[in-house]
Amino acid sequence: MTHPNDLPRPGEPLAEHLSPADVQAAYGSFTELVAAAEGAVLMSGADPGRARDRAGAVLAEAEARGCAEAISVSHRALALTAREFGHLTLAAEHLDQAVAAARDLPERAAQARLSLVTVRAHLGDPVGALRVADLAEGHLTGLDPARLGVQRAVALVQLGRSDEAVAHCDRAVSLLTGAEDPRFLAGALLNRGIAHTYLERYDAASRDLSSCVTIAREAGLDHLVTLAEANLPFVATRRGDIPAAFAGYHAAQATLTGYPERLAAMRADFAGALLAAYLPGEARALLSQAVPELAAAGARVALAESRLLLAQVELLAGDPHEAGINAELAAGELTGQGRHALVPLAVEVALRARLATECPTPELLAEARALAGRLAAEGWTGPAAALRLTAAELAVTLGDQPATEAELRLVAGEPATGRTHRVVRHHAVALGLSLRGDRPGAFAALRAGLAEATEGGERLGDPGVRAHAIRAGERLADFGLSLALSDGQPETVLGWAEHWRAVRRGRAGEPLAVELLRAALGDAVLIETVRHGDRLAAVVLTADLCVLRPLGSYTAAAEATIRLRYGLRRAGLRDTGTRNGVTREAEQLAERLLAPLAGDIRDRPVVIVPTGALHTLPWPVLPPFRGRPTCVASSADAWRHASGPGLTTETDPRPAGHADLRGRAESGQAGRSDSSQLWPMSSRADSPRVAAVAGPGLDHAEEEAAMVVRTYDKAGAVQVGAKITDVLEVLQRAEIAHIAAHGYFCAPSPLLSSLSLDDGPLMAYDLLRLSRVPGLVVLSACDSGMAHAPVDGAPLGLAGAFLDRGTTCVVAGLVPVRDDEALTLMTLFHALLVSGHTPAEALAMASEKTGVAGFACFGSLGRPINLPRG
């Protein structure tokens, strides 16, 4: 959160260096000198740079002439400008000097202390700040006591005494309304809004902050407008509205440039939003900037809060050791600042770090239950409920039924205000129902919790952020899968796995249409893999079969995938002796993953829905899949929607961008090649039907692009220059696109994965701007099919970006492939495609005949192309 301090408004620092002679000439009397110093105080709100120059000149003259009152007020003005620029320690020094200069002027000393309250609070001494306020209170007159209440609220919020902060601001708002002091009136509304947020009164907080914006804007207090607007996303984060939080922080960031301490505080707040969106890597990056900036500014209160946030980030990132270290540091700093209400939050992180590394014991259970009670007593109802749920799960593990029931009753009995708290309640209800044997009720509660946890995710335009944001429901999904697996019913496991994957696509309310899925499969087979802990399993579905098969250890399968990919990379570099190693690894992995399914899948075309690291497995290189049409899909339902029939003639009057071209029909049979399954080719003269691109740095890219143009000569094929704007433009018009280029996969940020073009990288992020995409995209590029899936159903990467925008089939490489081999493979692939085969059929046949492995179909098996006649 961002607090004001005397609420100054910034402006560009203007050089106005007044000489002592100028000041002496301008302000002949002490009264005029004091008035000049007061003018600098007021100017600090409009132009802190100019106010600093003016106050310095007045201070020099006041000291020369021995005017104590002007000295005190000048120091106060210099303090306000120093505070504005983030120099808290310097601000405190000036205010101490202002108090000292006014030793015989109690009201002036009290005014300096009024300004000192928030400075002392932000320097990490909110208790001392309240003592300063007590010293000032008896000597303030007029509206200054109300203004002091606005300042007190900052320290009270830091100490967790938000109810008292609201009361002080209520009184200030009442007295300042109509008093022609918009600066402190807006500040009272701002501080009250922040206090309401901590009290989980989100509607009241939003009203106060919006009123603050209105008043400050009318008064020309632009920086105060920025502070209020920067706190609106803080409210959204606490409420659980992550899309609104992201939008607000992005809008506020640019306006705080030049105010390092406040920008650092805003970055820390934004890190909180990123944490809420389950983006710990990005949150850690922001905190790595914010923490040293806050330390340099002496902002010890915000620094302690940022350390606590960093501990929570490390815990989510899977590093309990670092989480525990930072949690203990934060607890010590918060205790030293007298902020005892926040200490339990740090203790909770430290406890969870221990729970992640230690074996369950009755002592840990007792500790968790006691801490949950302490959190609730301090008003942290959401974290208290989450820890009670953890305690209940720990009690189940220990076989302590009374403790389990007691903690679940407490979670269910407390009113839930924030979304996170409501999600925890749904989880607790589901756990209780499952323990009583009510599986349908448990699944209903889990579905309600998932809907709550992922609400608003569809408004996040960035699929990477969207994929991470829905991780708020990950524990619910995991619990539901454990229940389904324990029942052992394949339809239940498939239904729950698809429900979780559908959450990412905004279709979570729709039940899985198994019969439509069976009809769409035709003679193909669906293999949907699921994992719970280290347990890996697969549901196999055909037109007449649905079975659940165990596949052993997920970790072992993931490690074998890494070994196979490494071998394929070495083989691509023509390392001596690697072929035998690749063959052996592929056979062993097939024995682990496919041998248990051999009797179910037989020789059918295959649709694979991977889980976790299996998204990176080059499935077509496994011996049972060689020469077999195979595709990799994010979910069974996504595959079904991508596999619907397209148009039946090339003269259809609908535009080339019609949704049918992207496979959005509701049914279709993947294993057939009749005319109802043809991919249409547009008859528009101004729209290239096939576009080919040759990237730089490849010996055979130009030859490959020329081959594509020759193959589709009758379909109006064109070769496009390899510039980013040209490629993006043609991708919105073509129906088939083939790009031969270097490919790069960025594992930490998959949407930074790219294709190398003449003027730089074409990144997956760039593809998200496209309003239309081709139905079939061929990426003849290394690693272009690689993906990272933060959650099942959300694979991120180049192929995933095309599929997210509406492409129905992507052919892409999963490992490095030699340039000459790619040309050989793609020449045969396109020849087979124009002869009437589906993309999956053409790729399987071409890979088998050329011996070039490492490419796969993504999204769907594809459909034959309906080329124009003659």
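Above this text sits the structure in question.
Here the structure is a predicted model, which means the values were calculated and not measured.

(A) Geometry of the overall build of the protein chain. Of regular secondary structure, the protein chain possesses 37 helices and 14 strands. In the protein chain, buried positions account for 59% of the 870 residues. Taking the intrachain contacts of the protein chain between residues at least 6 apart in sequence as the baseline, contacts between residues at least 24 apart amount to 71%. As displayed, the protein chain offers around 32200 Å² of accessible surface, 53% of which is attributable to carbon and sulfur atoms.

(B) Here's a closer look at the side chain of Arg628. Relative to the elements of secondary structure, Arg628 occurs in the loop between strand S4 (606-609) and strand S5 (630-632). One buried charged side chain, Arg628, makes no salt bridge at all; its nearest oppositely charged neighbour is Asp603, positioned 5.8 Å away. One polar contact links the side chain of Arg628 to the main-chain carbonyl oxygen of Arg602, over a distance of 2.8 Å. Reaching out from Arg628, the side chain makes a polar contact with the backbone oxygen of Pro624 at a distance of 3.0 Å. With residues near it in sequence (within four places) discarded, Arg628 still touches Ile601, Arg602, Asp603, Arg604, Pro605, Val606 and Ala844.

(C) Broad picture of the packing of helix H19 (residues 362-377) against helix H20 (residues 381-398). In the contact formed by H19 and H20, the axes pass within 9 Å of each other and the chain directions differ by 160°. Our classification of the angle between H19 and H20 gives roughly antiparallel. Taken as a pair, H19 and H20 cross one another with a handedness that is left-handed. Note on element contacts: H20 touches H19 through Pro383, Ala384, Leu387, Arg388, Ala391, Leu394, Ala395 and Leu398, opposite Pro362, Leu364, Leu365, Ala368, Arg369, Leu371, Ala372, Gly373, Leu375 and Ala376. When the residues that make up the contact of H19 with H20 are grouped by side-chain class, the tally is 15 nonpolar, one polar and two charged.

(D) Structural context of the packing of aromatic side chains. With the rule as written, the count across this model stands at three aromatic pairs. Geometry around Tyr554 places Arg531 over its ring, the cationic atom sitting 4.9 Å from the centre.

(E) Spatial organisation of the sheet that holds strand S9 (residues 743-744). Read across the open sheet, the three strands follow the order S9-S10-S11; overall the sheet is antiparallel. Only two strands of the sheet have a single neighbouring strand rather than two, namely S9 and strand S11 (760-763). The sheet contact formed by strand S10 (residues 754-757) and S11 spans four bridges and is antiparallel. When the sheet's bridge partners are listed, Leu755 is paired in S11 with Leu762. Contacts between helix H33 (residues 724-731) and the sheet are confined to S10 and S11, with S11 contributing the most and set at about 25° to the helix.

Cut-off values and rules
- Residues numbered from 1 in each chain as written.
- Predicted model: local features only at pLDDT ≥ 70, side-chain atom pairs only at ≥ 80, totals over all residues.
- Heavy atoms only, no water.
- Helix = DSSP H or I, 4+ residues; strand = E, 2+ residues; numbered from the N terminus.
- Buried < 20%, exposed > 50% of the residue type's maximum accessible area, 1.4 Å probe, protein only.
- Contact = heavy atoms within 4.5 Å.
- Areas by Shrake-Rupley, 256 points an atom, 1.4 Å probe, with all protein chains shown as cover.
- Lys, Arg positive; Asp, Glu negative; His and termini not counted.
- Salt bridge = Lys/Arg side-chain N within 4 Å of Asp/Glu carboxyl O.
- Polar contact = N/O pair within 3.5 Å; in protein donor to acceptor, adjacent residues only side chain to side chain.
- Axes fitted to C-alpha atoms, helices over the stretch in contact; angles between N-to-C directions.
- Parallel < 35°, antiparallel > 145°, perpendicular 65-115°, else oblique.
- Left-handed = near helix turned anticlockwise from the far one by under 90°.
- Nonpolar A, V, L, I, M, F, W, Y, C, P; charged D, E, K, R; others polar.
- Phe/Tyr/Trp six-rings, centres within 6.5 Å; stacked < 30°, edge-to-face > 60°.
- Lys NZ or Arg CZ within 6 Å of the ring centre and 35° of its normal.
- Pairing = 2+ DSSP bridges.

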